[in-house]
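Chain by chain, the residues run as shown.
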There are 2 protein chains.
Amino acid sequence: MASGKLAGGAGGPFRSCANGICGLLDGGPPLPRLRSMERGERLDTGTGLKLWTVLGGIVALCTSLADGRRQIVGLSTPGNLFCPPDETERLDFWIEALAPSQLCELDLSSHARTIAGNATLASELFRAAQGQARSIYAHLVTLGRLDGMERVCLFLADMAWRIGERTPEGCRVRLPMAREDIADYLGLNAETVSRIFSRVKKARLADFRSPTEYVVQDIAALQSRAPIPAPHRPAGLEFEEREVALS
Amino acid sequence: MASGKLAGGAGGPFRSCANGICGLLDGGPPLPRLRSMERGERLDTGTGLKLWTVLGGIVALCTSLADGRRQIVGLSTPGNLFCPPDETERLDFWIEALAPSQLCELDLSSHARTIAGNATLASELFRAAQGQARSIYAHLVTLGRLDGMERVCLFLADMAWRIGERTPEGCRVRLPMAREDIADYLGLNAETVSRIFSRVKKARLADFRSPTEYVVQDIAALQSRAPIPAPHRPAGLEFEEREVALS
DNA sequence: CTGGGTTGTTGATCCACCTCAATGCCGGGG
DNA sequence: CCCCGGCATTGAGGTGGATCAACAACCCAG
């Protein structure tokens, strides 16, 4: 009999990651591995089931096409947990730091039997994957049906929720990624992103203090420029804070 | 002690769906519910965890935006298993038949405790969700980075793998959905889809015998028009055929 | 067979975004 | 200090796909 939290809690993401999931594994090797990544550094996801938590910075899950076009399929900011597709059916995925980042890797590939034998762990993983699917769907609709202005407003609002800090003059965001990266996430190109930023500023939806910093007075107004809402909670695979009783 | 198959097998998808998953539930009510849907008919996904298998026809998982734009986020053809996002965070999803279809619904919402207590079932669900995520990622890259011609070629090749029948003159496909539906799946509009079909025919990549039927000589050539491959296996949440020992 | 509704095709036009190119800005190193 | 490389911004011009509209093909009912 044991008990643990799967996320959040006093220890922060790393502690909870280690305490929560690892507590569910029966006596394997000490699993969590801490990594630091420079901007632009890539990490191969390899084979087998792995989970990552972002401790600091911002990382992207990326793919590229045969001709070099890149698409970022997901962003993770501190507190997010994510899990790349384990089998890459000729689409190769990698993890890339868009700014200096720290993350924690949990390699579960040698614990397939543990997972198959631990219902609590397996159903938590299932719940988490369901949550992740939800945010991919939202991104998919964004790419399929929204125009540039709508995509950018949604993105700026999303980043404000994720990493903005409240100040007396509004929500201040230090943008930790380049225009190129934003473009590859939104299915646009860097020049278009830059142009739309100028339009956003002119429309007073966000105030750009520098290329890497903006202040939003009214996040709701910003995201209502798009006909679907941005998630108020950070997107990505994430465990909710709740107790789970283990058997 | 019991044993079952989670998909495929002699009984076809319905039997396996009933035999497999239901066999994993401890004595609840007989769960699988058979539904017939007319073209255009919608089915609300409701709340709670539900799984569907398609027995015949073709169904789509759809969303729409505040201004009416529709996006089809996934297609399911016979043999596919799918699972809509359970919580619709202000994005409303529904299931829509694009042609007369039959499907089988498994309502697991009252079996949360069973899932949390049955490691085999929970880890199968997790594996299935992982597989579903993989196909959403592929679709996301399609919408983010491919042009119209590439999207359409990938789609035609995908449909050939899913529902084509081999004939001496090539792979013959009866297209069970309207141009509008294809457009909403590919993030285009109906006129553009029609125009691109004409280009595909002119390029002899596929031979349209009628608006709803085409023959492909070389599926590989078709999908190689796009820089990423179409999945050879039908996309969507799908259980592989394999035995699972239950405890 | 005929008429009406639905769906598919094709054309003309427009516009959002891409591409290419020039310039500006900033930080680091000699 | 200047120079240089990387990134952001802005402009000019081209294009793929959307929009609007006309028409053709087909299905079904009467």
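Okay, so let's go over this structure. Throughout, residues of each chain are indexed from 1 in the direction in which the sequence is written. Chains and ligands are labelled by the order in which they are written, letters from A for the one and numbers from 1 for the other. Local features in this predicted model are restricted to residues whose pLDDT is 70 or higher, and side-chain atom pairs enter the listing and the counts only when it is 80 or higher, whereas totals over whole chains, interfaces and linings include all residues. The basis for the side-chain values is all heavy atoms of the structure; hydrogens and waters are excluded.

## Here's the deal with the overall build of chain A
Part 1: Strands here mean DSSP runs of E at least two residues long; helices mean DSSP runs of H or I at least four residues long; both are numbered from the N terminus. For chain A, the helix and strand inventory stands at seven helices and 14 strands.
Part 2: Exposed residues in this analysis have more than 50% of their type's maximum accessible area, buried residues have under 20%, and partly exposed residues fall in between, with area computed by a 1.4 Å probe over protein chains only. Scored against the burial criterion, the 247 residues of chain A give a buried share of 56%.
Part 3: In this analysis, two residues are considered to be in contact whenever any of their non-hydrogen atoms come within 4.5 Å of each other. Within chain A, residue pairs in contact and separated by at least 24 positions form 74% of the contacts whose partners lie at least 6 positions apart.
Part 4: Accessible area for chain A stands at about 10500 Å²; split by element, carbon and sulfur atoms hold 49% of it. Per-residue and other accessible areas were derived by the Shrake-Rupley procedure at a 1.4 Å probe size, with only the shown protein chains allowed to occlude residues.

## Some details on the sheet that holds strand β13 (residues 213-216) of chain A
All names here are of chain A.
Part 1: Note on pairing: DSSP must find at least two bridges between two strands before they are called paired. The antiparallel open sheet is built from four strands, whose spatial order is β10-β11-β13-β12. With partners counted over all chains shown, the strands left at the sheet margins are β10 (165-167) and β12 (207-210), one partner each. For this sheet, the mean inter-axis angle between neighbouring strands, taken without regard to orientation, is 30 degrees.
Part 2: Strand direction decides the pairing type here: β12 and β13, joined by three bridges, are antiparallel. Note on β13: the bridge partner recorded for D207 is V215.
Part 3: Contacts from helix α4 (residues 148-163) reach β10, β11 (170-174), β12 and β13 within the one sheet, and its direction differs from that of β11 by about 90 degrees. To get an axis, a line is fitted to the C-alpha atoms, and for a helix only the part in contact is used. The angle between two axes follows their N-to-C directions and goes from 0 to 180 degrees.

## Some points on the protein's contact with DNA strand D
Part 1: Think of it this way: one heavy atom of a residue within 4 Å of a molecule or strand is enough to make that residue near it. Taken together, 16 residues surround DNA strand D, and among them A:R179, A:S194, A:S198, B:G148 and B:T192 come closest.
Part 2: The contact atoms of DNA strand D, taken as those within 4 Å of the protein, divide so that sugar and phosphate hold 62%.
Part 3: Two N or O atoms form a polar contact when they lie within 3.5 Å of each other; inside protein one atom must be a possible hydrogen donor and the other a possible acceptor, and for residues adjacent in sequence the pair counts only when both atoms belong to side chains. Side-chain polar atom of A:R179 to a phosphate oxygen of DNA strand D: 2.8 Å apart, as the coordinates give it.
Part 4: A:R195 places a polar side-chain atom, nitrogen or oxygen, 2.9 Å from a base nitrogen of DNA strand D.
Part 5: Looking at the surface near DNA strand D, the elements with two or more residues in it are α6 (190-202) of chain A together with α6 (190-202) of chain B.
Part 6: At four residues, the largest contribution of residues to the surface near DNA strand D is made by α6(A).

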